[in-house]
Amino acid sequence: MTLAIASIFNLKLKPPGFGMMLMSDAVELPWKADVLAARRGDKNAFESLVRSVQRPVYGLCVRLLSNEAEASEVAQEAFLRAFQNLGRYDAERPFDLWVLAIARNLCLDILRRRSRLQTQDVDDMKDALPSGAPTQEEGAIAHQERRSLEAAVGTLPADDREVLALYYVQKRTTKQIAEVMGVAPGTIMARLFRAREKLRKMMAPAPTPAQEAP
Amino acid sequence: MTRTPCPDLEVLFAEVAEGRGPAFDHGKTCPACAAVLEEHRELEKDLFKLQDPFPPANFVPQVMAKVASAPVSASVELKTGFAILGTALALAFVILVARGATAGQLGISVAHWAVEVRAILVGLLNGVAMAWKTAAVPVAAILAALLALSLVGLKKLAGTDVPAKV
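Values in this document were obtained by computation on a predicted structure and should not be read as measured data.

Asks: Just to check I follow, could you spell out the overall build of chain A for this structure?
Replies: The helix and strand inventory of chain A stands at 11 helices and zero strands. Listing every helix and strand of chain A by position from the N terminus yields α-α-α-α-α-α-α-α-α-α-α. A separation threshold of at least 6 residues defines the contact pool for chain A, and within that pool the share at least 24 residues apart is 67%. Approximately 11500 Å² of chain A is accessible, and the part contributed by carbon and sulfur atoms is 55%.

Asks: Would you explain the interface of chain B and chain A in this entry?
Replies: Often the size quoted for an interface is simply the accessible area lost on bringing the parts together. Between chain B and chain A, the contact holds 47 residues from the first and 62 residues from the second. Around 5200 Å² of area is buried between chain B and chain A when both sides are counted, 68% of it from carbon and sulfur atoms. Put simply, Lys 66 of chain B and Glu 73 of chain A hold a salt bridge, and the shortest N to O gap is 3.4 Å. At the level of secondary structure, the elements contributing two or more residues to the side of chain B that touches chain A comprise α1 (9–18), α2 (22–29), α3 (31–49) and α4 (59–69) of chain B. No other element matches α3 of chain B, which puts 13 residues into the side of chain B that touches chain A. In the side of chain B that touches chain A, the residues fall into 29 nonpolar, seven polar and 11 charged.

Asks: Help me understand the packing of helix α8 (residues 158–169) of chain A against α3 of chain B, please; the structure alone is not making it clear to me.
Replies: Packed helices, taken two at a time, are described by their axes: the angle between them and the distance between them. Where α8 of chain A contacts α3 of chain B, the two axes come as close as 8 Å, and the packing angle between them is 80 degrees. Considering the angle they form, α8 of chain A stands roughly perpendicular to α3 of chain B. Touching Leu 164, Tyr 167 and Tyr 168 of chain A of α8 of chain A are Glu 44, Leu 47 and Phe 48 of chain B, all from α3 of chain B. Its residues assigned to classes, the contact of α8 of chain A with α3 of chain B comprises five nonpolar, no polar and one charged.

Asks: Sorry if this is basic, but what is going on with the environment of Val 169 of chain A here?
Replies: As for its placement among the helices and strands, Val 169 of chain A is situated in helix α8. Relative accessible area serves as the criterion here: at 10%, Val 169 of chain A is assigned to the buried category. Val 169 of chain A sits 110 residues away from Gly 59 of chain A along the chain, and the two C-alpha atoms are 9.0 Å apart. In contact with Val 169 of chain A, other than residues within four places in its own chain, are Arg 63 and Leu 164 of chain A together with Leu 50, Gln 51 and Asp 52 of chain B.

Asks: Explain α1 of chain B here, please?
Replies: Residue and element names in this part refer to chain B. Within α1 the residues assigned to the buried category are Leu 12, Phe 13, Glu 15 and Val 16. Buried residues in α1, looked at end-on, bunch into an arc of 165 degrees, giving them a common side. Near the N-terminus of α1, the side chain that reaches the backbone nitrogen of Glu 10, with its oxygen 3.1 Å away, is that of Asp 8. Looking one or two places after α1, you find Gly 19, whose phi comes out positive at around 85 degrees.

Asks: Sorry if this is basic, but what is going on with the side chain of Glu 44 of chain B here?
Replies: For Glu 44 of chain B, the position within the fold is in helix α3. Owing to a relative accessible area of 1%, Glu 44 of chain B belongs among the buried residues under this scheme. At a separation of 2.4 Å, a polar atom in the side chain of Glu 44 of chain B contacts the side chain of Tyr 168 of chain A.

Asks: For this particular structure, what's the right way to read helix α2 (residues 32–39) of chain A?
Replies: Side chains three or four residues apart in an α-helix point the same way, a direct result of the helix having 3.6 residues per turn. All names here are of chain A. If you check which residues of α2 are buried, you get Val 35, Ala 37 and Ala 38. Around the axis of α2, the buried residues are gathered within 165 degrees of arc, so they sit on the same side. One or two steps after α2, the chain reaches Gly 41, where phi turns positive at roughly 100 degrees.

Cut-offs used in this document
- Along each chain, residues carry numbers from 1 onward, in the same order as the chain's sequence is written.
- Written order determines the labels here, with chains lettered from A and ligands numbered from 1.
- Per-residue local features are limited, in this predicted model, to residues with pLDDT of at least 70; the limit for side-chain atom pairs, both in listing and counting, is 80 or more; totals at the level of whole chains, interfaces and linings are taken over all residues.
- With hydrogens and water excluded, all non-hydrogen atoms of the structure serve as input to the side-chain values.
- Helix and strand assignments come from DSSP, with helices taken as H or I runs of at least 4 residues and strands as E runs of at least 2, each series counted from the N terminus.
- Contacts between residues were defined by any pair of non-hydrogen atoms, one from each residue, lying within 4.5 Å.
- Under the convention used here, a 1.4 Å probe and the Shrake-Rupley method define accessible areas, while residue burial counts only the protein chains that appear.
- Put simply, buried area is the surface a 1.4 Å probe can reach on two separate parts but cannot reach once they are joined, added for both.
- In the sections that follow, a salt bridge refers to a side-chain nitrogen of Lys or Arg positioned within 4 Å of a carboxyl oxygen of Asp or Glu.
- Each residue gets one of three labels, nonpolar for Ala, Val, Leu, Ile, Met, Phe, Trp, Tyr, Cys and Pro, charged for Asp, Glu, Lys and Arg, and polar for the others, Gly among them.
- An axis is simply a line fitted to the C-alpha atoms; with a helix, the fit covers only the stretch in contact. Between two such axes, the angle follows the N-to-C directions and lies from 0 to 180 degrees.
- Oblique is the label for every angle not falling under 35 degrees (roughly parallel), over 145 degrees (roughly antiparallel), or within 65 to 115 degrees (roughly perpendicular).
- Type-normalised accessible area, obtained with a 1.4 Å probe on protein chains alone, sets the label of each residue: buried when under 20%, exposed when over 50%, and partly exposed for intermediate values.
- Think of it as the arc spanned by the lines of direction from the helix axis to the C-beta atoms.
- Side-chain atoms alone can form a polar contact between residues adjacent in sequence; in general such a contact is a pair of N or O atoms within 3.5 Å, and within protein one must be able to donate a hydrogen while the other accepts it.

This is the structure we're talking about:
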């Protein structure tokens, strides 16, 4: 008990914990010179920009789409759009966040298309489908997935996946995440909590038959 | 001692982040809430260890190939066009200034041109006034049609494919 209570205070003292991680909001502009050069048509400068932010952009696409080939295509498309719209980009704002927002919009478009297609498929095959109860095999897969945090994150809805990826994997501040997602910064902590709570429940050990018995 | 009921977890976490509030006080003494907080803390530790995957080795070349084959944006084309025009005009001006006699000739030509243009404009205005007095409705219709055609033409010229969401 004492240990558990102490852990609450640890949350306040030890970053990172429950979003208490403090990051400097000071905006550095290492990309500005490259952006200005790229605007003048300097492809080498743009290539340098791509190299500097390719990993987070591709990483977010992979987490949102759960498909590496598709993620690569979408990330490439995001960079292409960034290049074509450099004139509309405010060089005082972080370049990586701008490209991340473009990539995120493209991913969400694909996810929306996917869900529409799935809905159509389900409607078409409604009669042929078995009951909604999970089979023994599905249960075994779910249990297997619980063992891996990465896999568990992959089963969350897209909005949970993106907030977790941006905060924990890419170590972004809530302000930066809000900028990418186009939401109020104050909502990010609540989103993070809800996503984490879903994960916690998912990762909890499967109840034993004795525990399940009334 | 009566224990307060466990607060909603979202409220608890919000108050833990703030470091004050009744839910926060409750969390300090409730083993169940403390256990949940601890589980979240452990989960966070693991989540912070996750890494972004590396993009494929040919990712950047593929992006640059797409960039190379993409049409140049309208703004870049316009800027380049104006830069060329500006440079040409500046050069022409420098050459004219360098030849003093030619510059003088130019001044006289411009003055002549200004006078002639004024005469032409006065004539045109008189003609329009006369046409308006004799056939106002057809003139207005023709002018409106010309304006509409020009606008349609301009719209077609200015129309470029800009991605809807950037």
